[in-house]
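Working through the structure, step by step
Residues per chain, in single letters:
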Amino acid sequence: MDIQLIQQDIFRLKKEKNAVILAHYYQVPEVQDIADHVGDSFALSKLAAELPEPLIVFCGVSFMAETAKILSPEKTVLLPVADAGCPMADMVTAKDVLDLKRRHPDAAVVSYVNSSTEIKALSDICCTSSNAVKVIRSLPHKKIIFLPDENLGSYAAEQIPEKEFVLFKGFCPVHEEVQPIDVKLTRDKNPGALFAVHPECRADVRKEADFIGSTGQIIDFIKRTDHPNFIVGTEMGILHPIISQNPTKKIVSLTPNFICPNMKKTRLINVLESLQQMKQMIELDDTIIEMSRKPLFKMLEAS
Ligand code: 13P
Ligand code: SF4
């Protein structure tokens, strides 16, 4: 089917059904281009809670669509590709959290939104990569259990030395892959470039960075910084908005392999089919929604 026809059908159905399309920055350009809002996890979860449309098509991975559903249970939330998941979110189990709580009863459990609904329900507060430091600082607890991302947790621990951290050893397979040698090689090819990196990268890679932040924060950093060239240390999808917003700056990816296969599963045709067939509808148990709402709303308040 012709791409323009798919786009037209998406726009028509979106209007007919009073839907809003949200897309993460890691989505393929064709999907970002038809979205009503493109953002990072935090911006999108805030939007999901605030937007008036009763139907949300969430182009991202499952934990993001579930977060939207938890924040707005009265809305219908569709995830165009059912098996677009996040391997990091699957690394931690409820048993892991309960064991950690038992071993550290005085600690607050802070869960990165890249986690299952069940894990959120067992947490004191959630965070995203853009607000982890702020969220943790807002807590009275001296001890923090952080999960599932060890890299984001260690980044937060570096910023908040006055607190004690118990870090779960989860990781994003896409960000964990990147090594300091990639930074050296890309810097050699791009002399003088500023290097902006996502906190899901390892500490030895973050150490090389000129800026560390979420996808949204990296985009803002590059936009507001008067500099001719940048190296971007996160998933390639983010290059689409950065290049279009900064036509005179040279923007390169840290490595050509910086691709999240799950984020790349969603194509225009999936968005169209999702709207046509109202699939894949996110359905969550009322009790789990009730339990996981609290840590998510606490996060929104704290940030
Ligand atoms: P952001 O918080 O920057 O949106 O990142 C989400 C994510 O999945 C990174 O891998
Ligand atoms: Fe999960 Fe990593 Fe993909 Fe983000 S980039 S959705 S953390 S696998």
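Remember, it's a predicted structure, so these values are computed and weren't measured experimentally. (Residues numbered from 1 in each chain as written. Chains lettered and ligands numbered in written order. Predicted model: local features only at pLDDT ≥ 70, side-chain atom pairs only at ≥ 80, totals over all residues. Heavy atoms only, no water.)

**Quick notes on the site of ligand 1**
With respect to spatial proximity, the complete set of residues near ligand 1 consists of His 24, Tyr 26, Asp 40, Ser 41, Tyr 112, Asn 114, Ser 129, His 175, His 198, Glu 200, Ser 214 and Thr 215. A distance of 2.7 Å is found between an oxygen atom of ligand 1 and a backbone nitrogen or oxygen belonging to Ser 41. In the environment of ligand 1, an oxygen atom lies 2.6 Å from a nitrogen or oxygen atom belonging to the side chain of Ser 129. For ligand 1, whose accessible area on its own is 300 Å², the fraction buried by protein is 96%. Among the residues forming the shell around ligand 1, the class breakdown is two nonpolar, eight polar and two charged. (Near = heavy atom within 4 Å. Polar contact = N/O pair within 3.5 Å; in protein donor to acceptor, adjacent residues only side chain to side chain. Areas by Shrake-Rupley, 256 points an atom, 1.4 Å probe, with all protein chains shown as cover. Nonpolar A, V, L, I, M, F, W, Y, C, P; charged D, E, K, R; others polar.)

**A look at the packing of helix H1 (residues 3–16) against helix H14 (residues 268–277)**
Closest axis-to-axis distance for the H1/H14 pair is 9 Å, and the angle between their directions is 30°. Crossing angle aside, the handedness with which H1 passes H14 is left-handed. Note on element contacts: H14 touches H1 through Leu 268, Ile 269, Val 271, Leu 272, Leu 275 and Gln 276, opposite Ile 3, Ile 6, Gln 7, Asp 9, Ile 10, Leu 13 and Lys 14. Across the contact of H1 with H14, the residue classes break down as nine nonpolar, two polar and two charged. (Axes fitted to C-alpha atoms, helices over the stretch in contact; angles between N-to-C directions. Helix = DSSP H or I, 4+ residues; strand = E, 2+ residues; numbered from the N terminus. Left-handed = near helix turned anticlockwise from the far one by under 90°. Contact = heavy atoms within 4.5 Å.)

**Notes on the pairing of strand E5 (residues 108–112)**
Here is the key point about a regular strand: its side chains alternate between the two faces of the sheet. Along E5, five of the five residues are buried, which leaves the element largely enclosed by surrounding structure. What you see with E5 is no split at all: Ala 108, Val 110 and Tyr 112 on one side and Val 109 and Ser 111 on the other are buried throughout. As paired strands, E5 and strand E7 (residues 143–147) are joined by four bridges and run parallel to one another. Across the sheet, the residue bridging to Val 110 is Phe 146, located in E7. When E5 meets strand E6 (residues 125–127), the two strands line up parallel, connected through three bridges. Following the sheet pairing, Ser 111 is matched in E6 by Cys 126. (Buried < 20%, exposed > 50% of the residue type's maximum accessible area, 1.4 Å probe, protein only. Pairing = 2+ DSSP bridges.)

**A word on the site of ligand 2**
The environment of ligand 2 is formed by Tyr 26, Val 61, Cys 86, Pro 87, Met 88, Asn 114, Cys 172, His 175, Glu 200 and Cys 260. Split into classes, the residues belonging to the shell around ligand 2 amount to seven nonpolar, two polar and one charged.

**A look at the side chain of Ser 292**
Structurally, Ser 292 is set in helix H15 (residues 286–302). The class for Ser 292 is buried, based on a relative accessible area of 0%. Filtering out sequence-adjacent residues up to four positions away, Ser 292 remains in contact with Ile 70, Thr 117, Lys 120 and Ala 121.

**What to know about the nonpolar core**
If you look at the biggest cluster of nonpolar residues, it comprises 62 residues, and the most contacted ones within it are Leu 22, Phe 58, Val 110, Ile 136, Ile 144, Phe 146 and Met 299. Broken down by element, the residue count for this core peaks at six residues, all from helix H4 (residues 62–71). Here Leu 22 is in contact with His 37, Leu 44, Ala 48, Leu 51, Ile 56, Val 57, Phe 58 and Cys 59, once residues within four sequence places are set aside. Within the second largest apolar cluster, 18 residues are counted, among which are Ile 10, Ala 23, Cys 59 and Val 271. (Core = buried A, V, L, I, M, F, W, Y, C linked by side-chain atoms within 4.5 Å.)

**Topic: the sheet that holds strand E11 (residues 229–233)**
Spatially, the four strands line up as an open sheet ordered E10-E9-E11-E12, and their pairing is parallel. This sheet does not close on itself; its edge strands, each paired only once, are strand E10 (211–212) and strand E12 (250–253). Both strand E9 (residues 194–197) and E10 contribute to a ladder of two bridges, which runs parallel. Directly across from Val 197, in E10, lies its bridge partner Ile 212.

**Digging into the pattern of salt bridges**
For the structure on display, the rule yields 14 salt bridges. We note a salt bridge from Glu 150 to Lys 169, for which the minimum N-O separation is 3.1 Å. With a gap of 19 residues between them, Glu 150 in helix H8 (residues 150–159) and Lys 169 in the loop between strand E8 (164–167) and helix H9 (173–176) connect regions that are remote in the sequence. Overall, Glu 150 belongs to the partly exposed group, its relative accessible area being 26%. We note a salt bridge from Lys 279 to Glu 273, for which the minimum N-O separation is 3.9 Å. Taking relative accessible area as the criterion, Lys 279 reaches 25% and is therefore assigned partly exposed. Residue Glu 273 is classed as partly exposed on the basis of its relative accessible area of 26%. (Salt bridge = Lys/Arg side-chain N within 4 Å of Asp/Glu carboxyl O.)

**A few points about the sheet that holds E6**
With parallel pairing, four strands are arranged side by side in an open sheet as E6-E5-E7-E8. In the strand order of this sheet, the two ends are held by E6 and E8, each with one partner. Neighbour-to-neighbour, the strand axes of this sheet turn through a mean angle of 30°, independent of strand direction. Of the strands in this sheet, E5, E7 and E8 are in contact with helix H5 (residues 94–103), which crosses E7 at around 170°.

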